[in-house]
Amino acid sequence: MSKELVLENLTKKFGELIAVNKVNLEVKEGEFVCFLGPSGCGKTTILRMITGFEIPTDGKIWYDGKVINDLIPQKRNFGIVFQSYALFPNMTVGENIAFGLKMRKFPKNIIESRVEEMLNLVGLTKWKDYYPAQLSGGQQQRVALVRALAPNPNVLLLDEPLSALDAKIRIRLRAEIKRLQNELGKTMIYVTHDQEEALSIADKVVVMEAGVFEQVGTPLEIYQNPKTSFVADFVGTSNFFKGVKEGSMVRVGDLLLKVASANGVNEDRLILAIRPEKIEVGKRGTLKKKYKENIFSGRLDVATFMGVVVRLMIELNGNEVITDVLYTDYEELGIKHGESLDIYLPPNGFMVFPDK
Amino acid sequence: MANKSESFAVSTTPPTGIISDRQIVILVSLLIGFILFFFMLFPLYSILKMSFLKNGHFSLASYYKYFRTPRIARSLHHSFYVAIISMIVTTILAFFFAYALTRTTIKGKNIFYTIIMMPLISPPIIQALALILLFGRNGLITAHLLKTDWSIYGAWGIIISEIFYCLPHALVILYTTLSAVDTRIDEAAESLGANAFQVFWKVTVPSAKYGLVSAAALVFNLTITDFGNPIVIGGNYNVLATEIYSQVIGLQKFDMGATISVILLIPSVAAFLVNYYISKKSFSLISGQARPFLRPSRMWKKIGFTGYCILISACIILIYVTVVFGSFVKVWPYDWRLSFTHYNFPSIGGYASLWTSFWIAIVVGIIGASLTLVSGYIVEKAKPKGSQLLYLLSVMPAAIPGTVMGLGYILAFNRPYYIFYGTPWIIIINVVICNYTLGMLSSITNLKQIDKSMEEAATSLGASIITTFTRVVFPLSKVAFMQTFIYYFMRSMVTISAVIFLVSATVHLAAIEIIYLDMDGRMGSANAMATVIMVIVLSFLGVVRFIGKKKFSSPQMQQSSV
Ligand SMILES: Nc1ncnc2c1ncn2[C@@H]1O[C@H](COP(=O)(O)OP(=O)(O)O)[C@@H](O)[C@H]1O
Ligand SMILES: [Mg+2]
């Protein structure tokens, strides 16, 4: 039987402030779920309710068919990895990893072999007798990871585990966590404010804003079909236009745009969003031959070199539009700062949201 | 290998004890609350009761009597006179000293700092002893050199003693304040055309105003509650604290003692509150500022401030030299031959009191450091309902004058069924409670530095609150624990005001013996006793430092930079 973790109308208030507002979620056994949202949106609070360090104001937390709201943290058997590592500085790496096993009163020989096994898992075998302060940040977080895994927790919860590390180590460790999750098949709940991290690591992403879940879905769904303008903005990059319906078209200032699908939005006032990579640019007059509609003339403001691609910021009737083109295409285009160019906004590239 | 995977095929949770973490926290909080209630509030209550009740009825008769007896009523005026003058002078002296140490580039700052801190480790009557040796009826300067009848006994004797007794306390506050304020403000003012004196008065002094008020309030509190110096050098000049003692011990008038105690409580609590709130405010301003770079001071500034620091340091050193030298001189100031005769203490049975003081100080250190650590943990980390009340109770003792607390203990516990009364244990409890505030505040400061997730990590791995405390929190608090232990040890070795009411025919304390020896006219022996106490405290500090250095330099204490 698979053990599910379910959040049902989970709510947490701190006085007047509603930190978490009636959220619902099912986490299947072995699933890798990622909470993504800006700082202060309530991610840590949810995690702390799941671990038992905060008592929910309202709603239920189910695990394996039982409500665990009132269960003390020690009885939940959930492992936690903290942003600050939280290794015990007075114990060696080995003693840190053995801590949870000693609490469970495992016999000495089993503890020893388990510690070895864990150290092996993250390639730190020869660091066993060192103290945490003697390790690098990345190594410390690896130790914290296997310390939490050693007693075989039902669920592993990670609260921004990589935020304190350098960009390079962050990417390496991210891959390592993903590998461990695959190997062990452990249910993991991972909190981050870094959208790239969330999209690359999770099976299921939960996008949060101000205590509510904006969208739950696979990374691809979240990226391609954001349900709200917040998600479209927070995950990936989008260009936004405020517009009003005008017949079958949408008016944005002086521009009249054709939009393929209204996405079920009935309101007259709309927000249109389009990803940079959907936009096409060309020399003046060239695009007219290829497409019938949504071709405008813009002025190149800034071109920023970003490696393989060049990010263009284009002034379009008072709107700033961002688009990315390959460096080679940019060379071929041969357009300089302040010059005009054609810009094509494909009708099926638009995401449509109601304007509140 | 099979064994291994089997063990971890299923998830296990750790066994848990019969009582839950929450229950343990509540039990411990109640216990500490009870201790503070019983050994602090109950004695205070006993004093209030004694002063306001006559034959079971509320009455202000004692207060009426207080203000109608000129000799007693004068003590209030005396106390304020002495306290206000000492407050003003000490704050100013300490301010310039702190200024020299933080804002100028004079040489020898460490030496000056060490010297001015010396009074903290000596019995708080050493200043009065030295003044008497120099300016007393048989003073070296007065009787011997100037051949005058004038002597220092009285208000000025007390004031000068208090100034040197309080200097280190005021300096610590002003030093912190001045080193936190950004000197770039001074430079900005100078660049706008202000001269050095304008900068000092318009920028430096105002920027340290919280520190100044807080230091002044602390000095006022220390002076008005001080007992040792006034009793030794006051002569006929009685202050509130000494009058309590005379009424109770001399005349057995407990109701009058209690009444004076209540009158003393008011200014002392008020000064404590000012100091407490202001220093809280100023510390919130201080936190997180970088130590600014100091420009080299001008020549005249360096010479002036070096001279000033030398003068103050010389006075302090003179105090110690006089007392130590006085302990070896046969008959001060007539027979200058050196001898050890004053070190025999025949009148008080030799060194017994020193031994008692020593072991009591050790026990006080252990109990005090443990209790304040646990209380700090409850208030700062566990935070059960009502922990704010516990915090309030814990910081109160600093507001209560020692003499008041001492009298309170007599009134509350002098009953046959309190079997600890008359034993060393009442002294131990008293010293622990009287110095609770600082111990508690320092343990809170330390615990604040322990990352909350460290404990949560332990809990989520299955540790109970007791295991978390003993295996994680305590090992990380060892240094702070040692510091609190040393603080309690030193306080216990030198304290006088409260315990003078609690020593008995069977329990003698060394610091108290100084006063008795002085009262008996055995000045040389009083000096000798003070010297021995200082030697013990100093060597103890040395030993602890030495052990500490060895113990705490292991790799786990190396701070990582991440
Ligand atoms: N113990 C607490 N008391 C009061 N407010 C809190 C507490 N913990 C968190 N909050 C508030 O709840 C909101 C959500 O916080 P948190 O869950 O830490 O956000 P995140 O982890 O997403 O950055 C924030 O506004 C925060 O200030
Ligand atoms: Mg957080």
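Remember, it's a predicted structure, so these values are computed and weren't measured experimentally.

K.L.:
I'd like a rundown of helix H4 (residues 108–121) of chain A, residues and numbers included.
P.N.:
All names here are of chain A. With 14 residues, H4 should cover 20 Å at 1.5 Å per step; its first-to-last C-alpha distance of 20 Å lies within 8% of that length. Turning to H4, its buried residues are Ile 110, Ile 111, Arg 114, Val 115, Met 118, Leu 119 and Leu 121. Buried residues of H4, viewed axially, fall in a sector of 165°; they line one side. Along H4, exposed side chains directed more than 90 degrees from the buried face belong to Asn 109 and Asn 120. Looking one or two residues past H4, Gly 123 carries a phi angle of roughly 65°, positive in sign.

K.L.:
Residue-level account of unusual backbone geometry, with values.
P.N.:
Residue and element names in this part refer to chain B. Going from Trp 332 to Pro 333, the amide bond is cis rather than trans, its omega being -10°. By the secondary structure assignment, Pro 333 is in the loop between strand E3 (329–331) and strand E4 (335–338). The residue Lys 147 is not glycine, and still its phi comes out positive at about 50°. Among the secondary structure elements, Lys 147 is positioned in the loop between helix H7 (140–145) and helix H8 (155–180). Given a relative accessible area of 65%, Lys 147 falls into the exposed group.

K.L.:
Describe the site of ligand 1, listing the residues and the values that go with them.
P.N.:
Residues and elements named next belong to chain A. Close contacts around ligand 1 come from Phe 14, Leu 17, Ala 19, Pro 38, Ser 39, Gly 40, Cys 41, Gly 42, Lys 43, Thr 44 and Thr 45, and that covers them all. Residue Gly 40 places a main-chain N or O atom 2.6 Å away from an oxygen atom belonging to ligand 1. Measuring from an oxygen atom of ligand 1, one finds a backbone N or O atom of Lys 43 at 2.9 Å. Here ligand 1, which alone exposes 560 Å², has 59% of that area covered by the protein.

K.L.:
Please give an account of the pattern of salt bridges that cites residues and values.
P.N.:
According to the stated counting rule, one finds 20 salt bridges over all chains in the structure shown. The shortest N-O distance in the salt bridge between A:Lys290 and A:Glu280 comes to 2.7 Å. In this pair, A:Lys290 is assigned in the loop between strand E15 (280–282) and strand E16 (295–305) and A:Glu280 in strand E15, connecting sequence segments ten residues apart. On the basis of relative accessible area, A:Lys290 is assigned to the exposed category, the value being 55%. In this structure, B:Glu243 engages B:Arg71 in a salt bridge whose closest nitrogen and oxygen atoms are separated by 2.9 Å. Residue B:Glu243 is located in helix H13 (residues 240–250), and its partner B:Arg71 is located in helix H4 (residues 70–103); the two are separated by 172 residues in the primary sequence. Accessibility expressed as a relative area gives 40% for B:Arg71, which makes it partly exposed. Three or more residues joined by partner-sharing salt bridges are found here, namely A:Lys12, A:Arg48, A:Glu54 and B:Glu456.

Cut-offs and rules
- Counting starts from 1 at the beginning of each chain's written sequence and moves along it residue by residue.
- For naming, the first written chain is A and the first written ligand is 1, with later ones following in the order written.
- With the structure being a predicted model, the display of local features is reserved for residues of pLDDT at least 70 and the display and counting of side-chain atom pairs for 80 or more, all residues being used for whole-chain, interface and lining totals.
- Excluded from the side-chain calculations are hydrogens and water; all other atoms, namely the structure's heavy atoms, are used.
- A run of H or I in DSSP counts as a helix once it spans at least four residues, and a run of E counts as a strand once it spans at least two, with each numbered from the N terminus.
- How far a helix is expected to stretch is found by multiplying one less than its residue total by 1.5 Å.
- Here the term buried applies to any residue with accessible area under 20% of the maximum for its type, exposed to any over 50%, and partly exposed to those in between, with areas from a 1.4 Å probe on protein chains only.
- Directions pointing from the helix axis toward each C-beta atom define the arc.
- What makes a residue near a molecule or strand is one non-hydrogen atom of that residue sitting within 4 Å of it.
- Definition of a polar contact: a pair of N or O atoms within 3.5 Å, with one able to donate and the other able to accept a hydrogen when the atoms are protein atoms, and with sequence-neighbouring residues admitted only if both atoms are side-chain atoms.
- The Shrake-Rupley method, run with a 1.4 Å probe, gives the accessible areas here. Residue values count only the displayed protein chains as cover.
- For this analysis, a salt bridge means a side-chain nitrogen from Lys or Arg found within 4 Å of a carboxyl oxygen belonging to Asp or Glu.

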